[in-house]
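The chain contents come next:
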Amino acid sequence: MKVIITGDFAPKARLAKQIVEKNFSEVFPDSLCEVIKSSDFSFVNFESPIVEEGYKPITKCGPNLHCTPEAAEAVKYAGFAGVTLANNHILDFGTEGLHKTVECCKALGLYIVGIGDNLKDAGKILYLEKDEKTLAVINCCEHEFSIATETDAGANPLSPVRQFYAIQEARKKADYILVVVHGGHEHYQLPSPRMQEAYRFFVDAGADVVVNHHQHCYSGYEVYDGKPIFYGLGNFC
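Residues numbered from 1 in each chain as written. Predicted model: local features only at pLDDT ≥ 70, side-chain atom pairs only at ≥ 80, totals over all residues. Heavy atoms only, no water.

Looking at the pairing of strand β9 (residues 176-182)
Across the seven residues of β9, six count as buried, placing the element largely inside the fold. With seven bridges connecting them, strand β7 (residues 133-141) and β9 associate as parallel partners. Residue Ala136 lies in a different strand from β9, and its bridge partner there is Ile177. In terms of strand pairing, β9 meets strand β10 (residues 209-213) through five bridges, oriented parallel. Bridge pairing in β10 links Val181 to Asn212. Following the chain from β9 across helix α8 (residues 193-205) to the adjacent parallel β10, one finds a crossover that is right-handed. (Buried < 20%, exposed > 50% of the residue type's maximum accessible area, 1.4 Å probe, protein only. Helix = DSSP H or I, 4+ residues; strand = E, 2+ residues; numbered from the N terminus. Pairing = 2+ DSSP bridges. Right-handed = clockwise from strand over helix to strand, strands pointing away.)

Rendered as structure tokens:
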């Protein structure tokens, strides 16, 4: 099974203009699309919630990112099968922005993972099948302003205890388990000891691959107990 995972997708400035005007081929050249479409499953971290007029940004530290429905169309054009949504910006425009993002992605047939209407919903595992093999995708992010609660919508929080139980659940049903985490120190090209400890623990618990993004730069990788751990993919777009 061939799986492609890419880093942050948050169109801004000239790129955003091209996407709004649906000049998708200028954003994603054919050579790139061919690589993405060559996989059995491919995911991009969709980090800008889709908003419409009247949506209000939440109060937080840092920028409130947003994009238009055409951004989801661009992702589909590029050949991605799905989007990981557990990140620190997905709730920048509240539940309206989150729900609009889900609505647009689902309308295009994109798989979604990592968010939900409450904590339990956000932690649901995505199961995908190909050639009689099953892939389980678990997506979570570090705690900032986007985390779901017992009663409120948001992203699945990074919690080694919760992810341990998710991996155990996935192991009963899946041939391969992929854990995608959004977190780490921005612009720092090495994993912290905490990240290395947690991600190795996920492998010990049964994960086959652990992939991280968020830092906006490459942050190294290792093969631990025969399983790859990617500590930082850098930006995708």
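From this point, the discussion proceeds with the structure in view.
Topic: the packing of helix α7 (residues 160-171) against α8
Two elements in contact, α7 and α8, have axes whose closest approach is 9 Å; the angle formed by their N-to-C orientations is 25°. If you check the angle between α7 and α8, you find them roughly parallel. Relative to α8, the crossing made by α7 is right-handed. Contacts between α7 and α8 involve Pro160, Gln163, Phe164, Ile167 and Gln168 on the former and, on the latter, Phe201, Phe202 and Ala205. Taken together, the residues of the contact of α7 with α8 break down into six nonpolar, two polar and no charged. (Axes fitted to C-alpha atoms, helices over the stretch in contact; angles between N-to-C directions. Parallel < 35°, antiparallel > 145°, perpendicular 65-115°, else oblique. Left-handed = near helix turned anticlockwise from the far one by under 90°. Contact = heavy atoms within 4.5 Å. Nonpolar A, V, L, I, M, F, W, Y, C, P; charged D, E, K, R; others polar.)

Looking at unusual backbone geometry
Not every positive phi belongs to a glycine, and Asp131 is a case in point at roughly 50°. By the secondary structure assignment, Asp131 is in the loop between β6 (126-130) and β7. Owing to a relative accessible area of 63%, Asp131 belongs among the exposed residues under this scheme. Its identity is not glycine, yet Asp225 carries a phi of approximately 55°, on the positive side. Structurally, Asp225 can be placed in the loop between β11 (221-224) and β12 (227-230).

A few points about the sheet that holds strand β3 (residues 82-84)
A sheet is described by the order of its strands in space; here four strands give the open sequence β1-β2-β3-β4, paired in parallel fashion. Only two strands of the sheet have a single partner each, and these edge strands are β1 (3-9) and β4 (111-113). The average undirected angle you get between the axes of adjacent strands in this sheet is 25°. Pairing of β3 with β4 involves three bridges; the strand directions are parallel. Of the residues in β4, the one forming a bridge with Gly82 is Tyr111.

Details of the pattern of salt bridges
As enumerated under the stated definition, the model contains eleven salt bridges in all. The partner of Glu103 in a salt bridge is Lys100, and the shortest N-O contact between them spans 3.3 Å. With a gap of three residues between them, Glu103 and Lys100 both fall in helix α5 (residues 94-107), about one helical turn apart. In this structure Lys100 comes out as buried when scored by relative accessible area, which is 11%. With its nearest N and O atoms 3.0 Å apart, the salt bridge here joins Glu142 to Arg194. Of this pair, Glu142 sits in the loop between β7 and β8 (154-155) while Arg194 sits in helix α8; the two residues are 52 residues apart in sequence, bridging distant segments of the chain. For Glu142, a relative accessible area of 17% puts it in the buried group. Arg194 gets classed as partly exposed once you look at its relative accessible area, which sits at 40%. One salt-bridge network, held together by shared partners, links Glu52, Lys100 and Glu103. (Salt bridge = Lys/Arg side-chain N within 4 Å of Asp/Glu carboxyl O.)

Coordinates in, geometry out; function isn't part of it.
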